[in-house]
Amino acid sequence: MGIISPVGSTLDDAWRNVRDGNSGIVPVVDFDASSFPSRIAGVVQGFDADDYLPRKDQRKNDPFIHYAVGATVEAIRDSGLEITEENGHRIGVALGAGIGGIKMIEEASIRLQEGGVRKVSPFFIPGSIINMASGQVSILQHITGPNISIVTACATSTHCIGLAARSIEHGDAEVMLAGGAEHSTTPLAMAGFCAARAMSTRNDDPKGASRPYDIDRDGFVMSNGAGTVVLEEYEHARARGAHIYAELIGFGMSSDAYHITLPPADGKGASQCMTAAIHDAGIAASDVDYVNTHGTSTPAGDIGETNAIKSTFGEYAKDVLISSTKSTTGHLLGAAGVVEAIFCVQALQHQVVPPTINLENQDPECDLDYTPNSARDARLRTVLSNSFGFGGTNGTLILRSVE
């Protein structure tokens, strides 16, 4: 696993901060946001692109690609995977983004308006399109197997992981590097979300701004970062003596078919997605010990997902442990799913449920156990992670500890 995030850019740092409830939300530093309704964001900590890309390549690629390359290099190192000319065709890459190279797009548009076509870089298109996250990783690592990028807004990296696993099951590859990346704290992207009144305006209290399930929540907090996991066919991993963190045993997808941005209040589509993943895993709903929710800190989203959990788990919903790690990281959009999957794996490794911080006055319509404010020791074997995106697209992963 590899992670680049507002709460740290090593596995240990990121997990420690999420477990301890240390928020990564700070005032926006990438540009002058003084005129914006929302002026806070999750800014990546502890990442230096020089460690992963030459300066000339950095200039040719949007920062989301820098993050994707960094997270993937760290994941490869962590896995001990050796990529050679002989095995490169049996390894693939599935990395996506929800928005992609919006920083380069915005800057190229300004150059065109101010200086004409000659001021636009020839690297603008290949440096900003979403599939170049997978493309650059494949080129840099000499990987010649499947090379794909799935784009489903905030469900992107969850879908990348799930469909990468199915590529392995189908025999297209033995190993897939899967996840997502995002760098969206640009004036244009933040202005768009501000115009939609989707983001928190708790500018005087950045660390308290992301507060899923709290009655005083007022929107999500935009964040940057990336994550990559190395998925491997089980016997292949065992044969090379790999350290296996967890098994991916279930994956589900669905569509709300309801609204471009809002979920239905009853959470029907999300429940269908979780039910599909549970069926794919071949388990009962009551076998799930912990749910890492999409939990963005928006009123409609939090209520819809709560109702979806109730529909999926029935009476067991009041007993299953739940939390939203977006309360500490903010919302990494297309990278959110993989980052949260990594936290789910860490929860299994350490037998600890990370908290939902800033949950001071719980919304009466959100009446489940969201692990408020402090981590909790728990016996965990099976965990579930949700991701939902604009357009009503849903994705669920189920992970199980290795006995």
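Going by the structure above, here's the rest.
The structure displayed is predicted, hence computed values, not measured ones.

Peer 1: Looking at this structure, I do not really get the overall build of the protein chain. What am I missing?
Peer 2: Along its length, the protein chain carries 13 helices and 14 strands. A globule of 403 residues ought to have a C-alpha radius of gyration of about 22 Å, and the protein chain, at 20 Å, matches this closely. Expressed as lengths along the three principal axes of its C-alpha atoms, the size of the protein chain is roughly 65 × 55 × 40 Å. For the protein chain, with 403 residues in total, the buried portion stands at 60%. For the protein chain, contacts bridging at least 24 residues in sequence account for 78% of all contacts bridging at least 6. As presented, the protein chain carries roughly 16,000 Å² of accessible surface, and 50% of it is formed by carbon and sulfur atoms. Side chains of the protein chain carry 29 positive and 48 negative charges; the gap between the two charge centres is 4 Å.

Peer 1: What is the right way to look at the nonpolar core in this model?
Peer 2: Generally speaking, soluble globular proteins have nonpolar side chains that are buried together. By size, the foremost hydrophobic cluster in this structure holds 42 residues, and its most contacted members are Ile161, Val229, Leu231, Tyr290 and Phe343. Of the residues forming this core, the biggest block, 10 residues, is contributed by helix H13 (residues 336-350). Those residues in contact with Ile161, other than ones at most four positions away along the chain, are Ala178, Gly179, Val229, Leu231, Leu248, Val338, Ala341 and Leu397. Judged by nonpolar contacts, the second largest core, of 29 residues, contains Leu53, Ala71, Val93 and Leu95.

Peer 1: For this particular structure, what's the right way to read the pattern of salt bridges?
Peer 2: Summed over all chains, the structure comprises 17 salt bridges. Arg90 serves as the salt-bridge partner of Glu174, at 4.0 Å between the closest nitrogen and oxygen. Of the two residues, Glu174 sits in the loop between helix H7 (156-170) and strand S6 (175-182) while Arg90 sits in the loop between helix H3 (63-79) and strand S4 (91-96), which places them 84 residues apart along the sequence. Exposure remark for Glu174: the relative accessible area of 30% places this residue in the partly exposed category. The exposure class of Arg90 is partly exposed, given its relative accessible area of 24%. If you follow the salt bridges from partner to partner, you end up with Arg211, Asp214 and Glu360 in one network.

Peer 1: What is the right way to look at the packing of aromatic side chains in this model?
Peer 2: The geometry of an aromatic ring pair is captured by two quantities: the separation of the ring centres and the angle between the planes. Evaluated as defined, the whole model comprises 7 aromatic pairs. Measuring from centroid to centroid gives 5.6 Å for Phe47 and Tyr52, while their planes differ by 5°, and the two rings are stacked. With a centroid separation of 5.2 Å and an interplanar angle of 80°, the aromatic rings of Phe47 and Tyr67 are classed as edge-to-face. Note that Phe47 is positioned in the loop between strand S3 (40-42) and helix H2 (55-60) and Tyr67 in helix H3, a separation of 20 residues in sequence. Feature note: the residues Phe47, Tyr52 and Tyr67 constitute an aromatic cluster, connected by ring pairs.

Peer 1: Can you walk me through empty space enclosed by the protein in this structure?
Peer 2: With the rule as written, the count across this model stands at 1 cavity of 30 Å³ or more. In this structure, the largest cavity occupies an estimated 30 Å³ of space. Lining the largest cavity are Met104, Ala108, Arg111, Val120, Ser121 and Phe124. A total of 3 residues in the lining of the largest cavity trace back to one element, the largest contributor, which is helix H4 (residues 102-115). Here the lining of the largest cavity is composed, by residue class, of 4 nonpolar, 1 polar and 1 charged.

Peer 1: What is the right way to read the pairing of strand S13 (residues 382-389) from this model?
Peer 2: Among the 8 residues that make up S13, 8 are buried, leaving the element largely enclosed by the rest of the structure. Both S13 and strand S14 (residues 393-401) contribute to a ladder of 8 bridges, which runs antiparallel. Bridge pairing links Thr382 to Arg400 in S14. Between S13 and S14, which follow one another and run antiparallel, lie 3 residues, and Gly391 among them has a positive phi close to 90°.

Peer 1: Even after reading the chapter, I still don't get the sheet that holds S6, so can you show me in this structure?
Peer 2: Hydrogen bonds along the backbone pair up the strands of a sheet, which may run parallel or antiparallel. The strand order across the open sheet built from 5 strands is S1-S7-S6-S4-S5, with neighbouring strands paired in mixed fashion. Only two strands of the sheet have a single neighbouring strand rather than two, namely strand S1 (2-4) and strand S5 (147-148). The pairing of S4 with S5 spans 2 bridges and is parallel. Looking at the pairing, Ala94 lines up with Ile148 of S5. Helix-sheet contacts for H3 involve S1, S4, S6 and strand S7 (225-232), and the interaxial angle to S7 is about 35°.

About the cut-offs
- Residues numbered from 1 in each chain as written.
- Predicted model: local features only at pLDDT ≥ 70, side-chain atom pairs only at ≥ 80, totals over all residues.
- Heavy atoms only, no water.
- Helix = DSSP H or I, 4+ residues; strand = E, 2+ residues; numbered from the N terminus.
- Rg over C-alpha atoms; globule rule 2.2 N^0.38 Å.
- Buried < 20%, exposed > 50% of the residue type's maximum accessible area, 1.4 Å probe, protein only.
- Contact = heavy atoms within 4.5 Å.
- Areas by Shrake-Rupley, 256 points an atom, 1.4 Å probe, with all protein chains shown as cover.
- Lys, Arg positive; Asp, Glu negative; His and termini not counted.
- Charge placed at Lys NZ, Arg CZ, Asp CG, Glu CD.
- Core = buried A, V, L, I, M, F, W, Y, C linked by side-chain atoms within 4.5 Å.
- Salt bridge = Lys/Arg side-chain N within 4 Å of Asp/Glu carboxyl O.
- Phe/Tyr/Trp six-rings, centres within 6.5 Å; stacked < 30°, edge-to-face > 60°.
- 1 Å grid on protein atoms, 1.4 Å probe; cavity = no way out; pocket = protein on both sides within 12 Å on 5 of 7 lines; lining within 4 Å.
- Points joined across faces, edges and corners; volume = space filled by probe spheres on them.
- Nonpolar A, V, L, I, M, F, W, Y, C, P; charged D, E, K, R; others polar.
- Pairing = 2+ DSSP bridges.
- Axes fitted to C-alpha atoms, helices over the stretch in contact; angles between N-to-C directions.

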